[in-house]
Amino acid sequence: MKANVVFLQYINIDLRYNRVKTYMEEIEHMKLLDKKAYEEVRTWVHRNARALDLAVWNYFFEDGSRNEILKALSFYQNEDGGFGNGVEADSWNPESSPYATLIAAGLLRQTGIIEMTGTEHPLIQGIFRYLESGVHSDEEGWAFSIPSNDHYPRAPWWTYSEEQNKIQNMGITAGLCAFILHYGDKDSALFRKAVTYTVKLLKKSETLEEFGEMGAGGVCMLLGEVMQKGIEVPVDCGSMMRRMAGIVNGRIERDPNQWAMYTPRPSEFIEAPQSPFYKGNEEIVEKELDYLIDTRNPGGVWNITWTWFDLGEKYAKEFAVSENWWMSNKAIEHVLFLKNFGRIEL
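Structural notes, computed from the coordinates. This one's a predicted model, so the numbers in the text were calculated from it and none came from an experiment. (Residues numbered from 1 in each chain as written. Predicted model: local features only at pLDDT ≥ 70, side-chain atom pairs only at ≥ 80, totals over all residues. Heavy atoms only, no water.)

What follows concerns the nonpolar core. Counting 100 residues, the largest nonpolar core has Phe 83, Leu 108, Trp 142, Leu 202 and Met 244 as its most contacted members. Counting residues per element, this core draws most heavily on helix α8 (residues 162-183), which supplies 10 residues. Among residues more than four places away in sequence, those in contact with Met 244 are Phe 211, Ala 216, Val 219, Cys 220 and Leu 223. (Core = buried A, V, L, I, M, F, W, Y, C linked by side-chain atoms within 4.5 Å. Buried < 20%, exposed > 50% of the residue type's maximum accessible area, 1.4 Å probe, protein only. Helix = DSSP H or I, 4+ residues; strand = E, 2+ residues; numbered from the N terminus. Contact = heavy atoms within 4.5 Å.)

Moving on to the pattern of salt bridges. Evaluation of the coordinates by the stated rule reveals 14 salt bridges. A salt bridge links Lys 31 to Asp 294, with the shortest nitrogen-to-oxygen separation between them at 2.6 Å. With Lys 31 in the loop between α1 (2-29) and α2 (35-48) and Asp 294 in helix α12 (residues 282-295), the pair connects residues that are 263 residues apart, well separated along the chain. Given the relative accessible area of 35%, Lys 31 is considered partly exposed. Asp 53 is paired through a salt bridge with Arg 50; the nearest N and O atoms lie 3.0 Å apart. Residues Asp 53 and Arg 50 agree in their burial class; the two are buried. (Salt bridge = Lys/Arg side-chain N within 4 Å of Asp/Glu carboxyl O.)

Along the chain, Gln 77 turns up in the loop between α4 (66-74) and α5 (98-110). A polar atom in the side chain of Gln 77 sits 3.1 Å from the backbone oxygen of Leu 123. Beyond its immediate sequence surroundings of up to four residues, Gln 77 is in contact with Gly 82, Phe 83, Asn 85, Leu 123, Gly 126 and Ile 127. (Polar contact = N/O pair within 3.5 Å; in protein donor to acceptor, adjacent residues only side chain to side chain.)

It is worth spelling out the environment of Ala 260 at this point. In this fold, Ala 260 is placed in the loop between α11 (237-251) and α12. Along the chain, Ala 260 and Ile 103 lie 157 residues apart, while their C-alpha atoms are 24 Å from each other. Each residue touching Ala 260, except ones within four places of it in the same chain, is listed here: Tyr 291 and Thr 305.

Shown next as structure tokens:
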């Protein structure tokens, strides 16, 4: 018996050795963003990024301060507490909009700024005040596009459209509700408003097929908040999450030949190995990581995958500026994705 135990121990050691050996061999053949390439991206961002994106780059990659992000972000906030002024680089409308405010809220959450400042900070209270005001919202949620967009340089999808709002409002409302449920005062009118929207949205999602561009990801984020906070809703959250996971998987474009166009890549839903959607998508994530390393412009960063189409001719100078802003923004997104999956040479 003792001999068998020793024998099994040797087998286990050998198996562990083989697994480690295989893993090391995989690492050796894994494509990496090498030091030279990383430095080229870094230099490009420092030369071209607007102050907000540079502050975000410095926070994630150069030990920068979250206070610098907060300071830069504050210049995009209006007196009503909402955000506009081109914080969404494809819409130059200075007026506050729900989508621009969602961008600010997402950045605050991603960088943990609210955990640092607390929710009483004037910038965060401004967001709550704007969302509670009822502007650009109805009984179903917050609007995707707003009428005043039409007066300013923009991408065509930001042209005001009641028809598109009926589809795209879901993603905006889900994202804002998730933010409120996470950080809002549970005794506030805004929190109650978010719960009301959440119930309607989740009931609708039980049978809905068209979620718009941001709807599926937004609903998944909202479901996570509902389950974490223990909020009572008239749906089975576990079943709903499984349904949404299937919808997310269906949205991922799995042909790398299509990724040069504007289409949902894996990284849109899977930012790190901890993502709930990573399991089962490991292979396609690896393909995108390789793709990013292969398709970076020599000496610089990555191209964006969209234009302003006919409005790009009308607003040619503005689109050129927006394109540069977006290239910096996407460079941060891509390098962070590569970093999260160990694809940057140390």
